[in-house]
Amino acid sequence: MDKAYLDKFYKKSLTERMDALVDANILSSDDLLLNEGLLLSDELADNMIENYLITYQLPLGAALNFLVDGKDYVVPMAIEEPSVIAAASSGAKIIAQAGGFKTTISERIMIGQVALKNIPDISLAKSNLTNHKKDILKKANAAHPSIVNRGGGAKDLSIRVIEQDEEAATPEFLIVHIHIATMEAMGANIINTMMEGITGYLETLTGGTALMSILSNYATECLATATCQIPVHLLKRNDFSGEDIRDRLIEAGQLAYVDPYRAVTHNKGIMNGIDAIVLASGNDWRAISAGVHAYASRSGQYRALSSWRKAENGDLIGDLTLPLPVGSVGGSISIHPAAQFSKRLLGYQSAKELEAVIVSVGLAQNFSALKALVTEGIQKGHMGLQARSLAISAGATGKAIEQVSEQLKYAKNMNLATAKELLQEILSLEE
Ligand code: NDP
């Protein structure tokens, strides 16, 4: 990547941006011709979902300045909210000056569940399952042999008993977990096929009745961590010293650790970036969101996903760990033309590499949001971009969008009524 071509990217026109990405050796010149080809055809969309009517579009933009494990990335983000891409890029820029993000990605093991009930003898059922572990894993693999040929498949088995709860009127459940390496796929279909393939056998071994067999989206064995270490001189802003911002940012993280009302908003900011890249990459963002929020509650209380602390030398250290069972194949990844465009833009080679970028995006987003919150507040940057949406809602088009949004920034009340008044003034001057 030749980053020099990406300088002042946000000031370029749309055509200049695409040209810059080609000149920087990120996209190929073929991508310039693809605008129409990136849209979902009616035929494809009709085959993706049921009762298809129209395609609902979202803008897809590029977040810049991401240096992750020594490699530069331009990150595709599909999102309707203004300021998210700007915040990710500005956070990533400071972090790149500090050496970038370092990530650790765990082995990619997903979990499938078979839930059984009406077990006549729980301890006998457990010992039968343990004694037949090899056969169970073999049967699971036989249900989806191609994943075994790819080096993955069912690797382990564990058992959980959930006691009967009289107050909640729930019966006793025996849950069998199969731990499965799904390689480059997120694996929902692979796992579901395997789980259904062993259900009858588990009923025989336990004497119980199966209630259901499906993957768990709580992917606690597919974790991605990003860390960054930022010297205080890179944090200084206006009247705030770097030390002051570091300490306030650490406190902001502590507040989100102890207060669930704050934690939800803190984590929403992290998910602004994560959802946008997960969606752009063609992955299942509902699955990622569900798993991430469950992970935030793993202590029994909903808490901040990220943490910020002071290093011995006074630097600010941030880290973020998330379950990220994304795929580089499967689902709509290989068939959605925009997901394929995202793959070329990001230039990732594997699901692990995609995880590394996604978790870094979450940390950059969190850093930017907290830094703004503990200094001038979030509205200054946010409303600047929101002004454009208000201008468009008021009916502005072309040059008038810029004119109305510029004046809105200095208006006493930045709202739709003011935007309409400003637009009227501008239009009457033109008459
Ligand atoms: P798919 O079934 O679409 O694709 C996975 C397939 O890709 C594998 O079975 C494999 O088939 C093929 N493949 C090719 N190369 C590789 C490789 N290197 N590593 C692994 N597999 C490879 O997708 P998933 O099983 O990943 O399931 C994801 C989809 O399931 C998403 O669309 C999701 O929305 C949906 N879903 C999600 C649920 C949930 O999250 N609760 C529930 C149900 C569905 P082969 O080996 O035969 O070539």
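Residues numbered from 1 in each chain as written. Predicted model: local features only at pLDDT ≥ 70, side-chain atom pairs only at ≥ 80, totals over all residues. Heavy atoms only, no water.

Considerations on the overall build of the protein
Stage number 1. Assigned secondary structure in the protein consists of 15 helices and ten strands.
Stage number 2. Expressed as a percentage of its 431 residues, the buried residues of the protein come to 47%.
Stage number 3. In the form shown here, the protein has an accessible surface area of approximately 21,700 Å², with 52% of it arising from carbon and sulfur atoms.
Stage number 4. Considering the protein, the positive charge centre built from 39 side chains and the negative charge centre built from 49 side chains are found 5 Å apart. (Helix = DSSP H or I, 4+ residues; strand = E, 2+ residues; numbered from the N terminus. Buried < 20%, exposed > 50% of the residue type's maximum accessible area, 1.4 Å probe, protein only. Areas by Shrake-Rupley, 256 points an atom, 1.4 Å probe, with all protein chains shown as cover. Lys, Arg positive; Asp, Glu negative; His and termini not counted. Charge placed at Lys NZ, Arg CZ, Asp CG, Glu CD.)

Description of a nonpolar patch on the surface
Stage number 1. Taken together, the side chains of M48, I49 and I335 present a nonpolar region at the surface, about 250 Å² in accessible area.
Stage number 2. By secondary structure assignment, the location of M48 is in helix α2 (residues 42–48).
Stage number 3. The class of M48 is partly exposed, set by a relative accessible area of 31%. (Patch = residues over 30% accessible without salt bridge, like charges linked within 9 Å, V, L, I, M, F, W, Y side chains within 5 Å. Salt bridge = Lys/Arg side-chain N within 4 Å of Asp/Glu carboxyl O.)

Some details on the packing of helix α14 (residues 399–409) against helix α15 (residues 416–430)
Stage number 1. Relative orientation of the contacting elements α14 and α15 amounts to 130°, with a least axis distance of 9 Å. When the axes of α14 and α15 are compared, the pair comes out oblique. In this structure, α14 crosses over α15, and the sense of that crossing is right-handed. Between α14, through A400, Q403, V404, Q407 and L408, and α15, the contact on the second element is made entirely by T418, A419, L422, L423, I426 and E430.
Stage number 2. Residue composition of the contact of α14 with α15, by class: seven nonpolar, three polar and one charged. (Axes fitted to C-alpha atoms, helices over the stretch in contact; angles between N-to-C directions. Parallel < 35°, antiparallel > 145°, perpendicular 65-115°, else oblique. Left-handed = near helix turned anticlockwise from the far one by under 90°. Contact = heavy atoms within 4.5 Å. Nonpolar A, V, L, I, M, F, W, Y, C, P; charged D, E, K, R; others polar.)

Looking at unusual backbone geometry
Stage number 1. Even without glycine at this site, S83 takes up a positive phi of about 85°.
Stage number 2. Looking at the element boundaries, S83 is found in the loop between β2 (71–78) and α3 (84–97).
Stage number 3. Overall, the relative accessible area of 17% leaves S83 in the buried class.
Stage number 4. For M183, which is not glycine, the phi torsion reads 55° and is therefore positive.
Stage number 5. You can see M183 is positioned in the loop between β6 (173–181) and α7 (188–206).
Stage number 6. Taking the relative accessible area as the measure of exposure, M183 reaches 31% and is therefore partly exposed.

Looking at the sheet that holds strand β10 (residues 316–323)
Stage number 1. Pairing within the open sheet is antiparallel, and its four strands lie in the order β3-β8-β10-β9. Because the sheet does not close on itself, it has two edges, and the strands there are β3 (102–105) and β9 (306–310). The average undirected angle you get between the axes of adjacent strands in this sheet is 15°.
Stage number 2. As paired strands, β3 and strand β8 (residues 223–230) are joined by four bridges and run antiparallel to one another. The residue of β8 that forms the bridge with K102 is T227. (Pairing = 2+ DSSP bridges.)

Some words on the nonpolar core
Stage number 1. One finds F66, V75, F101, I230, W308 and F367 to be the most contacted residues of the largest nonpolar core, which totals 57 residues.
Stage number 2. The residues touching I230, leaving out its near neighbours within four places in the chain, are I94, I95, A98, L235, D315, L316 and F367.
Stage number 3. The next biggest cluster of nonpolar side chains, apart from the first, holds 32 residues, and it includes M110, A140, I190 and L202. (Core = buried A, V, L, I, M, F, W, Y, C linked by side-chain atoms within 4.5 Å.)

A short note on the domain arrangement of the protein
It is common to report an interface's size as the accessible area lost on association of the parts.
Stage number 1. Its domain assignment divides the protein into domain 1 (34–106 + 222–377), domain 2 (109–216) and domain 3 (380–430).
Stage number 2. For domain 1 and domain 3, the distance between their C-alpha centroids amounts to 30 Å.
Stage number 3. Taken residue by residue, the interface counts six residues in domain 1 and five residues in domain 3.
Stage number 4. Overall, the association of domain 1 and domain 3 removes approximately 430 Å² of surface from exposure, summing both partners, and the carbon and sulfur fraction of that is 61%.
Stage number 5. Ranking the residues of domain 1 by area buried against domain 3 places P82, S83 and E376 at the top, with a combined share of 76%.
Stage number 6. At the surface where domain 1 touches domain 3, the tally comes to zero salt bridges. (Domains from an automatic or database assignment. Buried area = accessible area lost by both parts, 1.4 Å probe.)

Things to note about the pairing of β9
Stage number 1. Judged from the five bridges that link them, β9 and β10 form a sheet pairing that is antiparallel. Residue R309 lies in a different strand from β10, and its bridge partner there is I317.
Stage number 2. The loop that links β9 with its antiparallel partner β10 comprises five residues; one of these, G314, has a positive phi angle of about 95°.

Thoughts on the site of the ligand
Stage number 1. Around the ligand sit 21 residues in total, of which S146, R150, G187, D284 and G331 are the nearest.
Stage number 2. Within the backbone of M186, an N or O atom sits 3.3 Å from an oxygen atom of the ligand.
Stage number 3. N217 places a polar side-chain atom, nitrogen or oxygen, 2.9 Å from a nitrogen atom of the ligand.
Stage number 4. In the complex, the protein chains occlude 68% of the 940 Å² of accessible area that the ligand would expose alone.
Stage number 5. Elements represented by at least two residues in the shell around the ligand include exactly α6 (145–149) and α7.
Stage number 6. A per-element tally of the shell around the ligand places α7 first, with four residues.
Stage number 7. Here the shell around the ligand is built from residues that sort into nine nonpolar, nine polar and three charged.
Stage number 8. Summarising the domain contributions, the shell around the ligand has at least three residues from each of domain 1 (34–106 + 222–377) and domain 2 (109–216). (Near = heavy atom within 4 Å. Polar contact = N/O pair within 3.5 Å; in protein donor to acceptor, adjacent residues only side chain to side chain.)

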